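# Examining the three-dimensional arrangement
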Amino acid sequence: MAMEITNNYRSYIAQGMAGNSAAGSTKKKETEKTQETAENSKSKKTAEYANELAKLVPSVDFKVGNVCSSAKSGKSLTVNPQLLKKMQNDPEKEKDMKDMIKGVESMSRLAEGMAKATGWTIAYQHSYIDENGKYHCRMQTRNDGMLKMSAKMREERKKISEKLFEKTKEKAAERKEKLAETLEEKKAEKAGDGSAYNKAEQLLEEKMSASQDGTIYLNDADMKTIIEATKEEDAGKTTIKDQPQVGANLDLQI
């Protein structure tokens, strides 16, 4: 009888341990599942946030990653994932970075327009915003017409281009001087003179002209100049939009 009781007791203990083990295993699985669900939800939220940011650069392939990457379109913007987290938790950081992303779109369009106007082609344009919100860009341009010329003709064309560039700088200086005189006379009309946009154009023009092999690099300071142009352009559009239109809101009585 004593042996039977002992065996029953041991069986009871074993069943209890097995039950506790099963319960612990179930609880662990539930915890892992909860964590997995939370991670999936977080990843989905980040993906949705990235898709919203991509709308700020419609002409550029928007990506999330730790390094600058290429794209089929030839134009890409890669944003560091750690920066995305900072943006989602810091409204001020988000505002600054959205301005920079919009600046990439403006720079892309501006560079494309200038390249076409001067007979150049942009082979690729890859931008990257690092974890600290610093901008980096590498752009490769080529002049198809120059490639077809002989070395002697290319050298002659280069000299002519340099002379034209110097004349352009002289004319720009003259225009700047005249503009300064005009602004001095009309300080009240100073706003909207387009100075920031002109600086952005001049910046890209100088980069293209100075490049020996067609490679152009833009840094954080360069992008800030372009961002100012973007803000100025947006402000101009807003001003025009807010101005009353001729014939609008007339109270006609017959």
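Here is a short report on the structure shown in this document. These numbers were taken from a predicted model, which means no experiment stands behind them.

On to the side chain of S76, then. With respect to the secondary-structure elements, S76 resides in strand 2 (residues 75-79). At 3.0 Å, the side chain of S76 forms a polar contact with the side chain of H126.

As a further point, take the packing of helix 2 (residues 81-89) against helix 3 (residues 91-117). Viewed as axis vectors pointing N to C, helix 2 and helix 3 meet at an angle of 120°, and their least axial separation amounts to 5 Å. When the interaxial angle is binned, helix 2 and helix 3 end up oblique. Note that helix 2 runs across helix 3; the crossing there is left-handed. Note on element contacts: helix 3 touches helix 2 through P91, K93, E94 and M97, opposite L83, K86, M87 and N89. Split by residue class, the contact of helix 2 with helix 3 holds four nonpolar, one polar and three charged.

Read from one edge of the open sheet, five strands run 1-2-3-4-5, paired in mixed fashion. The two strands at the open ends of the sheet, each matched to only one other strand, are strand 1 (61-64) and strand 5 (215-218). Between one strand axis and the next, the sheet turns through 15° on average, direction left out of account. By the bridge criterion, five bridges tie strand 2 to strand 3 (residues 121-129) in an arrangement that is parallel. Paired with S76 across the strands is H126, a residue of strand 3. Taken strand by strand, helix 2 contacts strand 1, strand 2 and strand 3, and its axis lies near 65° from that of strand 2.

Parameters at a glance
- Residues numbered from 1 in each chain as written.
- Predicted model: local features only at pLDDT ≥ 70, side-chain atom pairs only at ≥ 80, totals over all residues.
- Heavy atoms only, no water.
- Helix = DSSP H or I, 4+ residues; strand = E, 2+ residues; numbered from the N terminus.
- Polar contact = N/O pair within 3.5 Å; in protein donor to acceptor, adjacent residues only side chain to side chain.
- Axes fitted to C-alpha atoms, helices over the stretch in contact; angles between N-to-C directions.
- Parallel < 35°, antiparallel > 145°, perpendicular 65-115°, else oblique.
- Left-handed = near helix turned anticlockwise from the far one by under 90°.
- Contact = heavy atoms within 4.5 Å.
- Nonpolar A, V, L, I, M, F, W, Y, C, P; charged D, E, K, R; others polar.
- Pairing = 2+ DSSP bridges.

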